[in-house]
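Descriptive analysis of the structure
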Protein chains: 2
Amino acid sequence: MYTLKHLYTNTRWQNQTGQADHEFMYETQRVAKTYQAGDFGLQSGETLLDARLSYVQVGRLNPDKDNLVLLPTYYGGTHEGNLPLIGAASALDPERYCILIPNLLGNGRSSSPSNAHPDQRNARFPKISLYDNVRLQHQLVQTHFSDAAIALVAGWSMGGMQALQWAALYPQQVHAAASICATARCWPHNQVFLEGVKAALTCDPVWNEGNYTTPPAAGLKAFARVYAGWAYSQAFFRNETYRQLGHQSIEELLRFWEEDHLQQDANDLLSMLHTWQTANISCNPVFNGDMGAALGAIQARCLIMPGSTDLYFTKADAEWEANQISNANFTLLESEWGHCAGGPGRNTKDTQTIHEALERLLNAR
Amino acid sequence: MYTLKHLYTNTRWQNQTGQADHEFMYETQRVAKTYQAGDFGLQSGETLLDARLSYVQVGRLNPDKDNLVLLPTYYGGTHEGNLPLIGAASALDPERYCILIPNLLGNGRSSSPSNAHPDQRNARFPKISLYDNVRLQHQLVQTHFSDAAIALVAGWSMGGMQALQWAALYPQQVHAAASICATARCWPHNQVFLEGVKAALTCDPVWNEGNYTTPPAAGLKAFARVYAGWAYSQAFFRNETYRQLGHQSIEELLRFWEEDHLQQDANDLLSMLHTWQTANISCNPVFNGDMGAALGAIQARCLIMPGSTDLYFTKADAEWEANQISNANFTLLESEWGHCAGGPGRNTKDTQTIHEALERLLNAR
């Protein structure tokens, strides 16, 4: 059983920002819950058996049922990784909002290759789409949260993709959405970058098409080394900014990435990677691939905040999308942290900027 | 035996630019020659046994001994890859200049893991530095070309690094130098990108620390897939510019990269990668790591031409260096081709821009 304090101090990434002053107050609500969705029909036509959506709830739904905040998780992260978003410096006050952090399918907490129904375990896990994730989360909100209004859905990276998918699919329900270092689809270069990390992992014959008996350690380490080059900016390395993460050298940083990825399940990583690589808020029965229609359907006040040095969710792509959202505030996150600029609590300055932007977004109603 | 025509039509990369109108005229000078340097002392303290520098010569040294042009090769390329630099539209006229294209050590033509003295074959091949390459080329010029004046040394990528190393080491001899999509050192992020492709290749157990008996095909393909994401820009993929290379899809492009890399020797690739990753024009006994001194030593008229969307030889790094070269012309190569913008003959527009810039550089004397 995790306490919130425990969660705060065990995030996979260093959290160098505010302490959790709500930790004791909300200890009773701290436990990750599981929404059992039963057999869940997927966009692919397959059925996810015994679908489970793991989530954390902090705060309570108010009588008006209009204080829900959703913070979907990012690639390779779990709900712990999003906790810095509700730290002391954040406007996301659990006394005011009912904050839900739903775990991405495939992340090892929600239904994933590593924990699925025995018939769908490991390599037999079905392909999951962005749309599947958001529909399942919506079902949770309908079932256990009175289909309440979403005061805000916000996320970093794949979390931001989910936020935009929410806003496009449920325009009446979502009042504000924030996409931090994310876009409404996986743009082609982003797909190519992901092809690279996938190739590095699956090059390890221990992986064995997902039917491994021991983890493909060499592949996981190669995956990590390739990924690290994409995660930050050129300036981050030039200026030795990795020292702020406690690493004295690039090699130390790369080994940290390796160790981190050795703790992840390869099939889980590849499942989420598929979701990411195919992500497109218009590729579903509602919008039939019409991105203009999907972006145009969004009614929420939107914060579109790409990182100025993000190498794969680029400013150019985010701006193109923002121009097609009726109520979008496009604000560049000026940072040399590359994609990781938007990582919750990854560095003080960018986290502060994000907190302030979210506060303005919430108060702009 | 290659004819120049043969060389032109068999470049590893599609050459979509001018035809080789010099091809027949210079057929007699077409054959790659080998400079046998004997045992060659390396910067590492090791000795390269039976060192061989493979090069192509087009044109003849003039009586004044001031018309030498050097075009060192790029990573993974051979002299064939540089031939578009002396195509019809180029100022590098073999009737006027004596053009030498020296093959990088490790590229499979000059001494390399795959062709070295039996005692240094494959995994036993010694580590080669940027300095080693340029010293060996200089020895060739001394020995067979009367230590002639270098009217121009120019190159793309690692070719540009060699050009800058030439200009720093032999400031009296080098009159002009052009660095296209290159920098005077491998900057830290560039090192990290290279760590990634290296990890992808060496993740294949068939590689076996370089002691393979059959090529590590899975590793070579993974290397190619990772590399492809870095080679072009985000816009190149967004705008489907790969169609100009004859590929109808990203997957087709990636398979082309795979096929291309399957034809390369893994140890050769890793040898050149080491040279690149450690490259620094000041890391040698002349400058002892003082980059300011190395850049300050350059007297040649310099063209510093980074690509505007190059993801690893960045504009920022090149500009920082150019500011420390006394006679540098910093010109951005505006292109969405990323690093490949500078690839000889890779696309018509950028090639034309490079040809014109080289012409201005030559005529600025």
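Residues numbered from 1 in each chain as written. Chains lettered and ligands numbered in written order. Predicted model: local features only at pLDDT ≥ 70, side-chain atom pairs only at ≥ 80, totals over all residues. Heavy atoms only, no water.

The subject of this paragraph is the pairing of strand E2 (residues 47-58) of chain A. Residue and element names in this part refer to chain A. Taken across its 12 residues, E2 has nine buried, putting it largely inside the fold. Pairing of strand E1 (residues 33-41) with E2, which is carried by seven bridges, proceeds in the antiparallel orientation. Looking at the pairing, Phe 40 lines up with Leu 48 of E2. Both E2 and strand E4 (residues 98-102) contribute to a ladder of four bridges, which runs antiparallel. Counted as the bridge partner of Tyr 55 is Pro 102 from E4. (Buried < 20%, exposed > 50% of the residue type's maximum accessible area, 1.4 Å probe, protein only. Helix = DSSP H or I, 4+ residues; strand = E, 2+ residues; numbered from the N terminus. Pairing = 2+ DSSP bridges.)

Two modes of strand pairing occur in sheets, parallel and antiparallel, and in both the strands are linked by backbone hydrogen bonds. Residues and elements named next belong to chain A. Pairing is mixed in the open sheet, where eight strands are placed in the order E1-E2-E4-E3-E5-E6-E7-E8. Every interior strand has two partners, whereas the edge strands, E1 and strand E8 (328-330), have only one. Averaged over all neighbouring strand pairs, the angle between strand axes comes to 20°, with direction disregarded. Direction of pairing for strand E3 (residues 68-70) relative to strand E5 (residues 150-156): parallel, over a ladder of three bridges. Each bridged residue has a counterpart across the sheet, and for Val 69 the counterpart in E5 is Leu 152. (Axes fitted to C-alpha atoms, helices over the stretch in contact; angles between N-to-C directions.)

This part takes up helix H12 (residues 348-363) of chain A. All names here are of chain A. Its 16 residues place the ends of H12 22 Å apart at the C-alpha level, agreeing with the 22 Å of an ideal helix rising 1.5 Å per residue. Looking only at H12, the buried set comprises Asp 350, Thr 351, Ile 354, His 355, Ala 357, Leu 358, Leu 361 and Leu 362. Along the axis of H12, the buried positions cluster into a sector of 165°, meaning they face one direction only. The exposed residues of H12 that point more than 90 degrees off its buried face are Lys 349 and Arg 360. If you check the start of H12, you find a side-chain oxygen 3.3 Å away from the backbone N of Lys 349, and it comes from Asn 347. (Expected span 1.5 Å × (residues − 1). Arc of directions from axis to C-beta. Polar contact = N/O pair within 3.5 Å; in protein donor to acceptor, adjacent residues only side chain to side chain.)

All names here are of chain A. Taken as a whole, this structure holds 51 aromatic pairs over all chains when the rule is applied. Between Phe 193 and Trp 276, the ring centres sit 5.8 Å apart and the planes meet at 75°, which makes this aromatic pair edge-to-face. In this pair, Phe 193 sits in helix H5 (residues 188-202) while Trp 276 sits in helix H9 (residues 266-277), placing the two residues 83 residues apart along the sequence. Comparing Phe 193 with Trp 276, the two get one shared label, buried. Note that Arg 185 overlies the ring of Trp 187, its terminal NZ or CZ placed 4.7 Å from the centroid. (Phe/Tyr/Trp six-rings, centres within 6.5 Å; stacked < 30°, edge-to-face > 60°. Lys NZ or Arg CZ within 6 Å of the ring centre and 35° of its normal.)

In this assembly, 30 residues from chain A lie in contact with 29 residues from chain B. Our count for the chain A to chain B interface comes out at four salt bridges. The salt bridge involving Arg 225 of chain B is made with Glu 195 of chain A; its shortest N-O contact spans 2.6 Å. Every element with two or more residues in the side of chain A that touches chain B is listed here: H5, helix H6 (217-231), helix H7 (234-238), helix H8 (250-262) and helix H11 (315-322) of chain A. In the side of chain A that touches chain B, the residues fall into 17 nonpolar, eight polar and five charged. (Contact = heavy atoms within 4.5 Å. Salt bridge = Lys/Arg side-chain N within 4 Å of Asp/Glu carboxyl O. Nonpolar A, V, L, I, M, F, W, Y, C, P; charged D, E, K, R; others polar.)

Further remarks concern the layout of surface pockets. Roughly 540 Å³ of internal volume is contained in the largest pocket. Around the largest pocket sit 24 residues that line it, and Gln 234 and Leu 311 of chain A together with Ser 308, Asp 310 and Leu 311 of chain B are the ones nearest its centre. Elements represented by at least two residues in the lining of the largest pocket include exactly H7 and H11 of chain A together with helix H7 (234-238) and helix H11 (315-322) of chain B. In the lining of the largest pocket, the residues fall into six nonpolar, 11 polar and seven charged. (1 Å grid on protein atoms, 1.4 Å probe; cavity = no way out; pocket = protein on both sides within 12 Å on 5 of 7 lines; lining within 4 Å. Points joined across faces, edges and corners; volume = space filled by probe spheres on them.)

With that settled, consider the relation of the copies chain A and chain B. Superposing chain A onto chain B takes a rotation of 180° plus a shift of 0.0 Å along the axis, which leaves an RMSD of 0.0 Å. In symmetry terms, the pair is related by a two-fold rotation axis. Taking C-alpha positions as reference, the residue of chain A nearest the rotation axis is Ala 200 of chain A, located at 2.3 Å. (Least-squares fit on C-alpha atoms with pLDDT ≥ 70 in both.)

Residues and elements named next belong to chain B. Read from one edge to the other, the open sheet built from eight strands follows the order E1-E2-E4-E3-E5-E6-E7-E8, with strand pairing classed as mixed. Single-partner strands in this sheet number two, and they are strand E1 (33-41) and strand E8 (328-330). Here the average twist between neighbouring strands, direction ignored, is 20°. Sheet strands touched by H11: strand E7 (301-305) and E8. Its angle to E8, the strand with the most contacts, is close to 155°. This element, helix H12 (residues 348-363), spans strand E5 (150-156), strand E6 (176-180) and E7 of the sheet and lies at about 165° to E7.

What follows is about unusual backbone geometry. The phi angle of most residues is negative, glycine excepted, and most peptide bonds adopt the trans form. Here the phi dihedral of Asp 50 of chain A falls at roughly 45°; this positive angle occurs in a residue that is not glycine. Accessibility expressed as a relative area gives 41% for Asp 50 of chain A, which makes it partly exposed. One non-glycine residue, Glu 209 of chain B, lies in positive phi territory at about 55°. Structurally, the position occupied by Glu 209 of chain B is in the loop between helix H5 (188-202) and helix H6 (217-231).

Residues and elements named next belong to chain A. Along the chain, the position of Gln 173 falls in the loop between helix H4 (158-169) and strand E6 (176-180). Residue classification places Gln 173 among the buried residues on the basis of a relative accessible area of 11%. Only 2.9 Å separates the side chain of Gln 173 from the backbone oxygen of Ala 148, close enough to count as a polar contact. Filtering out sequence-adjacent residues up to four positions away, Gln 173 remains in contact with His 138, Val 141, Asp 147, Ala 148, Ala 149, Ile 150 and Trp 166.

Another aspect to go through is the pattern of salt bridges. The tally for this structure, following the rule as stated, stands at 18 salt bridges over all chains. Linking Glu 258 of chain A and Arg 225 of chain A is a salt bridge whose minimum nitrogen-to-oxygen distance equals 2.6 Å. With a gap of 33 residues between them, Glu 258 of chain A in helix H8 and Arg 225 of chain A in helix H6 connect regions that are remote in the sequence. We note that Glu 258 of chain A, like Arg 225 of chain A, is buried. As a salt-bridge pair, Arg 255 of chain B and Glu 251 of chain B come within 2.9 Å of each other at their nearest N and O atoms. Here the residue Arg 255 of chain B and the residue Glu 251 of chain B both occupy positions in helix H8 (residues 250-262), the gap between them amounting to four residues, near one helical turn. Residues joined in a network through salt bridges with shared partners are Glu 195 and Lys 198 of chain A together with Arg 225, Glu 251, Arg 255 and Glu 258 of chain B.

Residue and element names in this part refer to chain A. Put simply, helix H3 (residues 130-144) and H4 touch, their axes get as near as 10 Å, and they point 65° apart. Comparing their axes, H4 and H3 come out roughly perpendicular. The element H3 and its partner H4 pack so that their crossing is right-handed. For the pair formed by H3 and H4, the contact residues are Leu 130, Tyr 131, Asn 133, Val 134, Gln 137, His 138 and Val 141 on the first element and Met 161, Gln 162, Gln 165, Trp 166 and Leu 169 on the second. The residue inventory of the contact of H3 with H4, partitioned by class, reads seven nonpolar, five polar and no charged. (Parallel < 35°, antiparallel > 145°, perpendicular 65-115°, else oblique. Left-handed = near helix turned anticlockwise from the far one by under 90°.)

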